[in-house]
Structure formats: structure tokens, C-alpha cells
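# Structural overview for review
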Amino acid sequence: MQLDGMHHITMITGDATQNVAFYADVLGLRLVKKTVNFDAPEAYHLYFGDETGAPGTILTWFEFAGAQPGRAGAGMIHTIELGVPSAASLDFWADRLEAKGYATERTDDGLTFADYDGLRFRLVVSGVDRAGAVHPEVPAEHAIRGVVGARAYRAQELDADRALLTETLGFSETGPGEYDLAGFRWAYDPATEYGYQGAGTVHHIAWHSRDEDHVAWQRRVAQAGMQVTPVIDRDYFDAIYFQQPQGVLFEIATTSPGFAVDEDPDHLGEALRLPKQHERLRPALEQHLTPLVNPRTVTA
């Protein structure tokens, strides 16, 4: 039994319109699902990824309209790494981001930038063997291939979650406070200030479980001393959640049923999809939520 790397990372934004404009246009990802937060249905939950919404490519946001900026601190992810195919791709993205008004910094190991909320990213050359999303202004040879790493600020001593990561979850330790899970790089840095959630911060990270192993993972995590939730049906995957010793909220999510379970694969993210228990709220939610247009319906 092993985890297949990362499934998705979920953030907070205060502006869904800017969210779609940046991730589905500037970064050229595909908006694969337009739905709402299960626990706060007045808030959008937007998913972006590759053409099929494959695990390992997914970035998601809760939109709490008008949310004030947050700040990453102890127990929070501060940088997300996205994979691109080549050094030439880094050049392409430096030019594109600068042209769109987003400052970049080229380093030996990648290209760093922040989105409109101040959320920090690093583009790195990666050997991930998958196609990216299709966008008319992003050549296929430079498209973002997926999410390949994340760095967090630790809340306790460096080894506080070492046993959980390596012995329970199957990460490989690659250095002090640095780990690998099926090619996904997970690492810690010392926190220099307190953090707080808000726009531009990460809410949780989800790891990818095969469907048939999910309940076994729940048992295994509980046996390791974590307070883990029951299995929760999130419509597009099943999920369990637990806060690990460094303070980061972990999720383990299944492969199935996937984002095409309630939409034609050619039209992902075009219509508002609601969790079954919130379908009765559709008239009110359609009045409350800011109208959003999937760029595919404009550029197709």
C-alpha cells in the first residue's frame, strides 16, 4: 500500500473573478470544476488542473469574498512548486508573467513569483511525464505539467513529524526536513513570524490514495496517533483529514470518481455544480455567487 504523490492543494482567495483570470488565463490551467464549499455553500470552491483534472495537477480555492490578506507562518505552506519541461519554459513564463504585470525572480533552481493575493510559487524544471492544459497563448512545450513540490514553515522541532511521514505515510527522507513522495518534494523552513489564514494562504494539502486503500489509510493514520476524520464524500473523491505534528492540515483523497462524474469531459468547469445536499439552495446561490465564465467558453 502506497500513496501516489500529491492529489491537490487548497487555498483561500477573496476574489473568484481574479482567481479564474489568473489561473485559467495567465497560468493557462484548465478550470475543471466550479462548485461550492461543502461547509459554507455561499463560498465558491474552484478547481484548476490539466485537461482531465488528474490528481497531482490540481490547485483549488475557497472564495470567501472580500477576505483580508493572510500570512504564512508556523504550520503553514508558504511556497508551491509547479513543474515545467525545460529552462526555455522558465524563460517563456518569465516573459509572460512580466507582460501580465507580475514580477518574477530567476534563481538557479527556478522562477519565483506571487499571484494577485500574494501566494508564492516557484516554477521548476521537472521530468513529470504528462501533458499540461491547453491554452491558446501557451505553447504545449511550455505548459505547466503539474504540482511537484511545496515548502512549509515548521511549528515544532524539525523531526516532529518524521516518523509519521516516513514510517506511516511512506515518504522518503532526502535531507534534514526534506522528503519525497512519488516525485513530490515536501520540505520545511524555520518560521520567522506568526501566520494567519486569509486570502493568499494555503488551507490544506491532499495526498493521493488508490480507492481500494483509502479506509486502510484511515486506520493506519489513526494507529499512528493522529485524530483523523471519518471518510467524507466530496463528490469527486472521498477524503479523510488530520492535522499533523507540524501543524499542517493533511488530507488523503481517492482517485475516483473524478471530475467528469457530473460533466462532459469536454465541458468541465462550465456549469455550476452543487453538492447534493445543497442542490435545494441553487436559486439562492445563483443569485449570491459572482457570475464566472470559464475561459474555454470564450476562447474555444
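All values reported here derive from a predicted model rather than from experimental measurement.

## Here's the deal with the packing of aromatic side chains
Within the structure shown, the criterion is met by 21 aromatic pairs. Note on Tyr23 and Trp61: the rings are 4.1 Å apart at their centroids and 35 degrees apart in plane angle, and the pair reads as tilted. With Tyr23 in helix α1 (residues 16–26) and Trp61 in strand β4 (residues 58–63), this residue pair connects regions lying 38 residues apart in the sequence. Overall, the relative accessible area of 1% leaves Trp61 in the buried class. Relative to Trp93, the ring of Phe92 has its centre 5.2 Å away and its plane inclined at 85 degrees; by these criteria the two rings are edge-to-face.

## A few points about the UniProt feature "domain: VOC" (unreviewed entry) in the chain
If you check UniProt for "domain: VOC" (unreviewed entry), the listed places come out as residues 5–140 and 146–255 in our numbering. A helix fraction of 18% and a strand fraction of 38% characterise residues 5–140, whose end C-alpha atoms lie 24 Å from each other. Spanning residues 146–255, this segment combines 15% helix with 44% strand, and its end C-alpha atoms are found 16 Å apart.

## Some thoughts on unusual backbone geometry
Outside of glycine, negative phi angles account for most residues, and trans bonds account for most peptide bonds. Cis peptide bonds are those with omega within 30 degrees of zero, and the linkage from Ser256 to Pro257 qualifies with 5 degrees. Residue position: Pro257 is located in strand β16 (residues 249–257). The phi torsion at Ala182 lies on the positive side, around 50 degrees, for a residue other than glycine. Tracing the sequence through the fold places Ala182 in the loop between β11 (178–181) and β12 (184–190).

## Quick look at the environment of Phe62
By the element assignment, Phe62 lies in strand β4. What makes Phe62 buried here is its relative accessible area of 8%. A sequence separation of 16 residues divides Phe62 from Leu46, and the C-alpha atoms of the two residues are 6.7 Å apart.

## Here's the deal with the side chain of Glu63
Relative to the elements of secondary structure, Glu63 occurs in strand β4. Although Glu63 is buried, it makes no salt bridge; Lys34 carries the closest opposite charge, 12 Å away. A polar contact of 3.0 Å, which involves the side chain of Glu63, links it to the backbone nitrogen of Ala16. Each residue touching Glu63, except ones within four places of it in the same chain, is listed here: Thr13, Gly14, Asp15, Ala16, Ala43 and Tyr44.

## Description of the side chain of Ser209
Inspection of the secondary structure assignment puts Ser209 in strand β13 (residues 202–209). Excluding residues within four positions of it along the chain, Ser209 makes contact with Leu3, His214, Trp217, Ile252, Ala253, Thr254 and Thr255.

## Description of the sheet that holds strand β2 (residues 30–36)
Within the open sheet, the eight strands sit side by side as β2-β3-β4-β1-β13-β16-β15-β14. Their pairing is mixed. Looking at strand neighbours, the two that pair on one side only are β2 and β14 (232–233), the edges of this open sheet. Of the strand pairs in this sheet, β2 and strand β3 (residues 44–49) are connected by six bridges, and their pairing is antiparallel. By the bridge assignment for β3, Thr35 is matched with His45. Against the sheet, α1 contacts β1 (6–13), β2, β3 and β4, and its axis sits at roughly 5 degrees relative to β3. Relative to strand β15 (residues 237–243), helix α4 (residues 214–223) is tilted by about 10 degrees, and along the sheet it contacts β13, β15 and β16.

## Digging into the nonpolar core
Counting residues in hydrophobic clusters, the biggest one holds 66 residues, and the most contacted among them are Ile9, Ile80, Leu169 and Trp186. No other element matches α1, which puts six residues into this core. Residues Ala206, Tyr236, Phe259 and Leu268 belong to the second largest nonpolar core, which totals eleven residues.

Calculation rules
- Residues numbered from 1 in each chain as written.
- Predicted model: local features only at pLDDT ≥ 70, side-chain atom pairs only at ≥ 80, totals over all residues.
- Heavy atoms only, no water.
- Phe/Tyr/Trp six-rings, centres within 6.5 Å; stacked < 30°, edge-to-face > 60°.
- Helix = DSSP H or I, 4+ residues; strand = E, 2+ residues; numbered from the N terminus.
- Buried < 20%, exposed > 50% of the residue type's maximum accessible area, 1.4 Å probe, protein only.
- UniProt positions renumbered as here; feature names shortened; annotations may be inferred.
- Lys, Arg positive; Asp, Glu negative; His and termini not counted.
- Salt bridge = Lys/Arg side-chain N within 4 Å of Asp/Glu carboxyl O.
- Polar contact = N/O pair within 3.5 Å; in protein donor to acceptor, adjacent residues only side chain to side chain.
- Contact = heavy atoms within 4.5 Å.
- Pairing = 2+ DSSP bridges.
- Axes fitted to C-alpha atoms, helices over the stretch in contact; angles between N-to-C directions.
- Core = buried A, V, L, I, M, F, W, Y, C linked by side-chain atoms within 4.5 Å.

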